[in-house]
Amino acid sequence: MNSFDTHDSLQDSPDNHGAVVNIVSWFLLICSSLLVLTRLGTKYGVSKTFHVDDGFIVMSLILCIGQTIAMSIGVANGLGRHLDTLSSDNIVAFQKSYYAANVLFVASQAFSKLSVIFFIRVISPIAIHRTLTWILTGATLIWAFSSIPMLLFQCDTPRVWDTIANECIDQRSIWDYINVVNIILDVCLIWLPFTVVWNLQVRLQRKLVVMSCFAARILTIAAIGWQTEESQKTPNRQDLTFTYWLLAVSMSLVQSLGIMTACAPYLKPFLDSLESGLIRSDDIRRRANATGKSTTGYGRQDGFSLASQSKHAPATPNELQVLGHPNATVTASITVKKTDSGGDWETGSHSSQVKLIKQVKTWKVTSSPGPTGEY
């Protein structure tokens, strides 16, 4: 039988902070899930397809869900309460759940970073940028594959999860390495998009909007700093269940901010700002142009109708008029020719000129006999 009451564990008190851990972690998970769904919906609405970066962010969210569940199991078994108030079964269950939560945390962080890296590869075909993304991908994988084994085998086998009664690697040293490299990677994920966006030939206001979406990752860096501070305050073995509650909250914040900031570039303002260069969302409008309708912007037509123009203005020498007899019939054949003066140039350009479509319209007017046979 547990040594504490379940009802009491759901209320915050000076000796029980488990409720805070649960509320914060589940609230952040809901926010992360909503932003991921918004990202996927926006992406599908624009391009009708998904890419590798979308798969990475979904995987990060799945791991975040698993980490939050593991953390909740830890709360149910004493996370946020003093160690001396728990039964031996509670302590074992807490250590196992916290062990799993730590591994899932690092894995979720890695996938959210890979999502941002591969998104940068999508928006920038420049060779140097693609090389830098491969370097960042390698650095992220090295960080993940070095951190996870340290967490998996932090203590002697077979009780690798037992950080209280077993011989273990110094926990502070492990988390110092994880957090410092995590911050360095996030700084790179802010710097690289800035170099991509700054060279675009768009207005400064649009550049600032785009860069602010990537700069939101500064919030993640600040949260990692808090997590590092809490990990330094936490003793290795003394009263783990109580002293870990703030560390658990900081981990949930870092994890969720990593996902949310990875989704920020997909929000509508960002797509509007990228309309002149990065995301070729004008492909749909070009298909409409191929059917004979000339459109610019969203739903605004540049073409004109002969019938509508003749109703609103009298005929002038420059307009189409009936030739000869008033009963004669005029047949007008219209030829629209599109000239693409730089197909290769347009494909390779990254400036705002990539959306220019040049058209030459030729009007050919012939006269045919009317019903009376006269012209």
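What counts, and at which threshold
Residues numbered from 1 in each chain as written. Predicted model: local features only at pLDDT ≥ 70, side-chain atom pairs only at ≥ 80, totals over all residues. Heavy atoms only, no water. Helix = DSSP H or I, 4+ residues; strand = E, 2+ residues; numbered from the N terminus. Contact = heavy atoms within 4.5 Å. Areas by Shrake-Rupley, 256 points an atom, 1.4 Å probe, with all protein chains shown as cover. Core = buried A, V, L, I, M, F, W, Y, C linked by side-chain atoms within 4.5 Å. Buried < 20%, exposed > 50% of the residue type's maximum accessible area, 1.4 Å probe, protein only. Phe/Tyr/Trp six-rings, centres within 6.5 Å; stacked < 30°, edge-to-face > 60°. pLDDT = per-residue confidence, 0-100. Disulfide = S-S within 2.5 Å. Expected span 1.5 Å × (residues − 1). Salt bridge = Lys/Arg side-chain N within 4 Å of Asp/Glu carboxyl O. Polar contact = N/O pair within 3.5 Å; in protein donor to acceptor, adjacent residues only side chain to side chain. Axes fitted to C-alpha atoms, helices over the stretch in contact; angles between N-to-C directions. Parallel < 35°, antiparallel > 145°, perpendicular 65-115°, else oblique. Left-handed = near helix turned anticlockwise from the far one by under 90°. Patch = residues over 30% accessible without salt bridge, like charges linked within 9 Å, V, L, I, M, F, W, Y side chains within 5 Å. Nonpolar A, V, L, I, M, F, W, Y, C, P; charged D, E, K, R; others polar.

**With respect to the overall build of the protein chain**
If you tally the helices and strands in the protein chain, you get 14 helices and four strands. Residue pairs in contact within the protein chain that sit at least 24 positions apart in sequence constitute 75% of those at least 6 positions apart. Surface exposure of the protein chain reaches about 19,300 Å², of which carbon and sulfur atoms provide 64%.

**Comments concerning the nonpolar core**
Ranked by size, the top nonpolar core spans 62 residues in total, and within it Val21, Leu79 and Tyr98 carry the most contacts. Contributions of two or more residues to this core are made by helix H2 (18-47), helix H3 (52-76), helix H4 (88-123), helix H5 (127-152), helix H6 (171-198), helix H7 (204-215), helix H8 (218-233) and helix H10 (245-263). With 15 residues, the single largest contributor to this core is H4. Those residues in contact with Leu79, other than ones at most four positions away along the chain, are Gly18, Val21, Met71, Gly74, Phe94, Thr241, Tyr244, Trp245 and Ala248.

**Focus on the packing of aromatic side chains**
Using the criterion set out here, one finds eight aromatic pairs in the structure. On the basis of an interplanar angle of 35° and a centroid distance of 4.9 Å, the ring pair of Tyr98 and Tyr244 is categorised as tilted. Remark: Tyr244 occurs in the loop between helix H9 (240-243) and H10 and Tyr98 occurs in helix H4; sequence separation between them is 146 residues. As far as the burial class goes, Tyr98 and Tyr244 line up, both buried.

**Digging into the confidence of the model for the protein chain**
Taken as a whole, the protein chain shows an average pLDDT of 75; of its residues, 67% reach a score of 70 or greater. When the elements of the protein chain are averaged for pLDDT, helix H13 (residues 306-312) gives the smallest value, 36, and H3 the largest, 94. The low-confidence segment residues 1-9 (pLDDT under 50) makes 17 contacts with residues lying over four places distant or belonging to another chain.

**Structural notes on the state of the cysteines**
On inspection of all chains with the given rule, the structure shows one disulfide. The disulfide partner of Cys155 is Cys168, and the gap between their sulfur atoms is 1.8 Å. Of note, the bridge from Cys155 to Cys168 carries an S-S torsion of about 100° and is right-handed in sense. With Cys155 in the loop between H5 and H6 and Cys168 in the loop between H5 and H6, this residue pair connects regions lying 13 residues apart in the sequence. Judged by relative accessible area, Cys155 falls into the buried class, the value being 4%.

**Some details on H5**
Given a rise of 1.5 Å per residue, 26 residues ought to cover 38 Å, and the 38 Å separating the end C-alpha atoms of H5 matches this to within 8%. For H5, the full list of buried residues reads His129, Thr133, Leu136, Thr137, Thr140, Trp143, Ala144, Ser147, Ile148 and Leu151. Looking at the buried side of H5, the elements it contacts are H4 and H6.

**Thoughts on the pattern of salt bridges**
Throughout the structure, instances matching the rule amount to six salt bridges. Asp162 is the salt-bridge partner of Arg159, the closest N and O atoms lying 3.2 Å from each other. Its relative accessible area of 4% is what places Asp162 among the buried residues. Each member of the salt-bridge network shares a partner with another, and the members are Arg39, Lys43, Asp53 and Asp54.

**Comments concerning H2**
Its 30 residues place the ends of H2 43 Å apart at the C-alpha level, agreeing with the 44 Å of an ideal helix rising 1.5 Å per residue. Looking one or two residues beyond H2, the residue adopting positive phi is Lys48, at roughly 60°.

**Regarding the side chain of Arg39**
Structurally, Arg39 is set in helix H2. A distance of 3.3 Å separates polar atoms of two side chains, one belonging to Arg39 and the other to Asp54. When near neighbours in sequence (up to four residues on either side) are disregarded, Arg39 contacts Asp53, Asp54, Ile57, Ser115, Ala262, Cys263 and Tyr266.

**A short note on the packing of H3 against H10**
The geometry of H3 relative to H10 is characterised by a closest axis approach of 11 Å and an angle of 165° between their N-to-C directions. The angle between the axes of H3 and H10 places the two elements in the roughly antiparallel class. As for how H3 packs across H10, the hand of that crossing is left-handed. Taken together, the residues of H10 that come into contact with H3 (itself represented by Ile57, Ser60, Leu61, Leu63, Cys64, Gln67, Thr68 and Met71) are Ala248, Met251, Ser252, Gln255, Ser256, Ile259, Ala262 and Cys263.

**Concerning a nonpolar patch on the surface**
Judged by side-chain polarity, Trp26, Ile65, Ile69 and Ile73 come together as a nonpolar surface patch covering roughly 320 Å² of accessible area. When residues of the nonpolar patch are assigned to their parent elements, the largest contribution, three residues, is made by H3. With relative accessibility at 32%, the residue Ile65 sits in the partly exposed group.

**What about the side chain of Ser25?**
Within the secondary structure, Ser25 is located in helix H2. A polar atom in the side chain of Ser25 sits 3.1 Å from the backbone oxygen of Asn22. Setting aside chain neighbours within four positions, we find Ser25 in contact with Thr68 and Ser252.

**A look at the packing of H4 against H5**
At their nearest, the axes of H4 and H5 sit 10 Å apart, and the two run at 175° to each other. Overall, the two elements H4 and H5 adopt an arrangement that is roughly antiparallel. A per-class count over the contact of H4 with H5 returns 17 nonpolar, six polar and three charged.

**Things to note about the environment of Phe27**
Topologically, Phe27 is positioned in helix H2. As a C-alpha pair, Phe27 and Ser256 span 229 residues in sequence and 9.7 Å in three-dimensional space.

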